[in-house]
Amino acid sequence: MKMKKSVIVSVFAAASLAFPAYSEVYRLVSGKSMMLFETAEAAGAPRLFLRQFGARVEDAQSALRLAWNRESSSSLGMEAPLAYSVLGDSAGNLNRFGGLAVEFADGCRTLDLAVTGVENRSTGGNQELVVSYADRHYPLQVVQTFRLRKGSEVFETSVTIRNTGRDAVRLRTMDSLAVFLPLVGDRFRLQSAAAQWASEGQLGTSEIVRGQTVSIGSRSGVRDAWMNNPSFMLEIGAPATETDGEVIGVALAWTGAWHAGVRRSQTDSIEICAGVDNFAGDYVLDGGRSIDLPTALFSHSTEGRGEISRAFHRFARLHWLPAGTKERPTLLNNWEGTYMAFTEPLLNEIMDGAVKAGVEMFVLDDGWFGRGEFARDDDHRGLGDWCINEKKLPHGLVGVANEAAKRGLRFGFWVEPEMANTRSELVTAHPEWVLREKNRELRQGRGGTQVVLDFTNPDVRDAIWKQLDAAYASVPSLAYVKWDANADFMNLGSPYLDAAHQGNLVYEYTMGYYDVLNRQRTKYPKVDLQACASGGGHMDYGSLRYADEFWTSDDTDARERVMIQWGASQFYPACAMASHVTICWGRKTPMKFRCDVASSGRLGLEMQPKKMTADELALVKNALAEYRRLRPVIQQGDLYRLVSPYERDYASLMYVDEAKRNAVVFVYGLSRRMQQNYVPPLHLQGLDPAKKYRLRELNTWPKSWAHSKLLKRPDAYRAEMADGVAPVSGEALMKFGLPIWLGTDDYDSAVFELFCED
Ligand code: GLA
């Protein structure tokens, strides 16, 4: 490779730079990390190399000089650390891997991308590197953008592919992130969160040995944050902990089928990829068309997994969620309280209970729509008909909203726009509007009649949006919408796409979903939106571009939620994590435990409140009041995971506000043993060492419950440093830890507030 003299060009330099300018260096620099790129001529064309990605150093030239040998060689030949690794030419060698693979009309399956321009932008502290590439022979252009927003530790990358010719180009793989890093370590572990219904966010870690590719993904087409969440952490070198070790965290902002993975070569170089999984066939990019691949987000930490999570949470709140710094209201959802069997008087009674408990909003779930034979009284019918089920709600949605308003409650309701039942007016009139294959039986899902609408078809999207819009507009005080999706692609065909473009289904369906979400967000910007897909099937940064929160899981068992929310917290912030207190369906857990677990996310209730005893109601009411007081800390604070439920028989986490004046600590006993009342002191994190904090225990049981059968706990203080005792320094709390008492009965829990008085 011919190298010319390198010069450092900071992105802070105002001027943008157009090619040719060989051997230029560019960097994106955050407070803690940096990406160091270099354009250089290789194999007769300018290329862009990713020289370093890691901890920030002041002298970028030094980091550049230390970049490993520029290439990595194996029996397959040399692989160059290109900023966008593609199947084809890799600076003079054949790269058989890469994130983008195409087929041109003449059968050629390799790419040879030369850099045609690099633009550095720095506006208001936001840094951007826009790289333009063109194939050296075929009319195909790629624009790759790396972005770093002011104050953020999360890098974004996105890719646009343009077919500037007349013939169609087939996209065989279409990843947005495809970076190649030579020799950054000799040990790699990948942590990901696998899931299925009622069991989201289950963390697992696998070692990646030489020659291995560890990949994860989902091919649901709809509920793609299941199977695996579109995110992972890569630990480099020694296994990372919450506080130590080098980690790269990656999340793909995409709601449809996806894959991601890390390939470790025989020479210890790694390639990190993430993108759309077009498993239904090649995406056909017609002449003159372009396609935007989803944004991939990534962050680097030398301080373990905790720092990656906090970086993503801050990024989500400050830069990504539609209104990430807005306080999220508490609410009561009627689903687990009534399912579809409700009437107006019953809803009024539930709302009365909600007011007594102290929630701020009432959300009406599934069952309010469909008419005549398609009235939604069970899950066999009605989806697709977003008109009032007059049998149940003679006064319409607005009637319920008015009853809510009378009680001082805001109001929202449930929809499932992407779905229909074959037993509906919609599908009766338009059987061609559902995903189906020509010569196959129509496979149907929930209720035996559920099908997925063909959201690649603009007519379908218009028709659904028209109905939704009318339903929303009928409720002038509308404050919240829960958008559900309860099926996967069961039929791999779009009646709208022609035979040549059937492979475009996976991508175009998700773009259709975003189109309708976007219409809602644009027309009703103040209406909060929950992304739900049978629980956490839409717990992804693609949905969260439009939605304020996700329904974390249909599993509301608090013991399970400790694990599920632990997994969700790896990448997603508390303000977006809907967590509801319900009655116990199977496992019995104390009401206090249920409140304490749900209080670490966006707290709500999901029950018929009258099923609570007076003591339970008192406890819930108090927990909701404390939550409302402390939600700025919980929803907007930094999360520190202190004790993992994967490692111990109890778990603990805490939130600290930005000023480090207030913190909330949660401790959850899981299955404790006799004579184990004292757990090791909780070494708190994130406090100001110099500040003095006082402690107060919250959500305590009413006195009358001191001898509860479920939970025998003395009236003694939980913590040695109990309420009213002199304050102690943040330094001592972090270094010596907070000694606490935890009951040996299962599911004892505690919540502490720490606050500075001066
Ligand atoms: C899904 C959701 C639930 C509820 C039901 C209604 O399962 O995850 O919260 O809304 O649908 O049918």
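Residues numbered from 1 in each chain as written. Predicted model: local features only at pLDDT ≥ 70, side-chain atom pairs only at ≥ 80, totals over all residues. Heavy atoms only, no water.

Participant: How do you make sense of the overall build of the protein when you look at a structure like this?
Facilitator: A tally of helices and strands in the protein yields 12 helices and 41 strands. Relative to the 2.2 N^0.38 estimate, which gives 27 Å for 758 residues, the radius of gyration of the protein is 27 Å and therefore close to what a compact globule would have. If one aligns the C-alpha atoms of the protein with their principal axes, the spans along those axes are about 80 × 70 × 45 Å. Buried positions account for 63% of the 758 residues belonging to the protein. When the accessible surface of the protein is totalled, it reaches about 27,200 Å², and 50% of it is carbon and sulfur. Here the protein contributes 87 positively and 94 negatively charged side chains, and the mean placements of these two sets differ by 2 Å. (Helix = DSSP H or I, 4+ residues; strand = E, 2+ residues; numbered from the N terminus. Rg over C-alpha atoms; globule rule 2.2 N^0.38 Å. Buried < 20%, exposed > 50% of the residue type's maximum accessible area, 1.4 Å probe, protein only. Areas by Shrake-Rupley, 256 points an atom, 1.4 Å probe, with all protein chains shown as cover. Lys, Arg positive; Asp, Glu negative; His and termini not counted. Charge placed at Lys NZ, Arg CZ, Asp CG, Glu CD.)

Participant: Would you mind going over the site of the ligand with me for this structure?
Facilitator: Inspection of the region around the ligand gives 13 residues, with D365, D366, K482, D484 and D554 positioned closest. Side-chain polar atom of D365 to an oxygen atom of the ligand: 2.6 Å apart, as the coordinates give it. A distance of 2.5 Å separates an oxygen atom of the ligand from a polar atom in the side chain of D554. Notes on the ligand: free accessible area 310 Å², of which the protein chains cover 96%. Looking at side-chain class alone, the shell around the ligand contains four nonpolar, three polar and six charged residues. (Near = heavy atom within 4 Å. Polar contact = N/O pair within 3.5 Å; in protein donor to acceptor, adjacent residues only side chain to side chain. Nonpolar A, V, L, I, M, F, W, Y, C, P; charged D, E, K, R; others polar.)

Participant: Hey, could you run me through helix α5 (residues 396-406) in this one?
Facilitator: For an α-helix, the turn length of 3.6 residues means that residues three or four places apart are oriented alike. All of the buried residues in α5 are G396, L397, G399, V400, A401 and A404. On the buried face of α5, the contacting elements are α4 (344-357), β25 (361-364), β26 (410-415) and α7 (458-473). With its phi angle positive at about 80°, G408 sits one or two positions after the end of α5. (Contact = heavy atoms within 4.5 Å.)

Participant: Whenever I open this one, the nonpolar core confuses me. Can you help?
Facilitator: Within soluble globular proteins, side chains that are nonpolar generally end up buried alongside one another. Core analysis: the largest hydrophobic core is formed by 165 residues, its most contacted members being I272, W368 and F413. Leaving out residues up to four positions away in the same chain, W368 has contacts with F342, W386, C387, I388, N389, L393, L397, F413, W414, V415 and A471. A251, A253, M539 and F571 belong to the second-largest nonpolar core, a separate cluster that totals 25 residues. (Core = buried A, V, L, I, M, F, W, Y, C linked by side-chain atoms within 4.5 Å.)

Participant: In this structure, what is going on with the pairing of β25? I would like to understand it.
Facilitator: Side-chain direction in a regular strand flips from residue to residue, so the side chains alternate between the two faces of the sheet. Going residue by residue along β25, you find M361 and V363 tucked away on one face and F362 and L364 tucked away on the opposite face as well. In this structure, strand β24 (residues 331-333) lies alongside β25, joined through three bridges in parallel fashion. Note on β25: the bridge partner recorded for L332 is F362. Note: β25 against β26, four bridges, orientation parallel. Considered in β26, the bridge of M361 is made with R410. In this fold, the crossover linking β25 to β26 by way of α5 has right-handed handedness. (Pairing = 2+ DSSP bridges. Right-handed = clockwise from strand over helix to strand, strands pointing away.)

Participant: Would you explain the pairing of strand β38 (residues 692-698) in this entry?
Facilitator: Bridge count between β38 and strand β39 (residues 728-729): two bridges; the pairing is antiparallel. Among the inter-strand pairings, K692 is bridged to a residue of β39, identified as S729. Sheet topology places β38 next to strand β41 (residues 749-755); five bridges connect them, and they run antiparallel. Pairing of L698 across the sheet is with V751, part of β41.

Participant: It is not clear to me how the sheet that holds β38 should be interpreted in this structure. Could you clarify?
Facilitator: Whether parallel or antiparallel, the strands of a sheet pair through hydrogen bonds between backbone atoms. Taken in spatial order, the six strands make up an open sheet running β34-β35-β36-β41-β38-β39, and their pairing is antiparallel. Of all strands in the sheet, those bounded by a partner on one side alone are β34 (638-643) and β39. Against the sheet, helix α10 (residues 591-598) contacts β36 (662-669), β38 and β41, and its axis sits at roughly 45° relative to β41. Packed on one face of the sheet, helix α11 (residues 614-636) meets β34, β35 (650-656), β36, β38 and β41 and runs near 95° to β36. (Axes fitted to C-alpha atoms, helices over the stretch in contact; angles between N-to-C directions.)

Participant: Help me understand the environment of S215, please; the structure alone is not making it clear to me.
Facilitator: Mapping S215 onto the fold places it in strand β17 (residues 213-218). On a C-alpha basis, the gap between S215 and A274 in space is 9.4 Å, while along the polypeptide they are 59 residues apart. Ignoring any residue separated from it by four or fewer positions in sequence, one finds S215 in contact with A260 and G261.

Participant: Sorry if this is basic, but what is going on with the side chain of R223 here?
Facilitator: Residue position: R223 is located in the loop between β17 and β18 (227-236). Among the polar contacts listed, one links the side chain of R223 to the backbone oxygen of N486, at a separation of 3.4 Å.

Participant: Got a minute to help me understand the domain arrangement of the protein in this structure?
Facilitator: Many analyses report the size of an interface as the accessible area lost when the parts associate. Domain parsing of the protein yields domain 1 (5-320), domain 2 (331-636) and domain 3 (640-755). Taken together, the contact between domain 1 and domain 3 spans nine residues of the former and four residues of the latter. The contact between domain 1 and domain 3 buries some 560 Å² in all, and 38% of this surface belongs to carbon and sulfur atoms. Run the count over domain 1 and domain 3 and you get one salt bridge. (Domains from an automatic or database assignment. Buried area = accessible area lost by both parts, 1.4 Å probe. Salt bridge = Lys/Arg side-chain N within 4 Å of Asp/Glu carboxyl O.)

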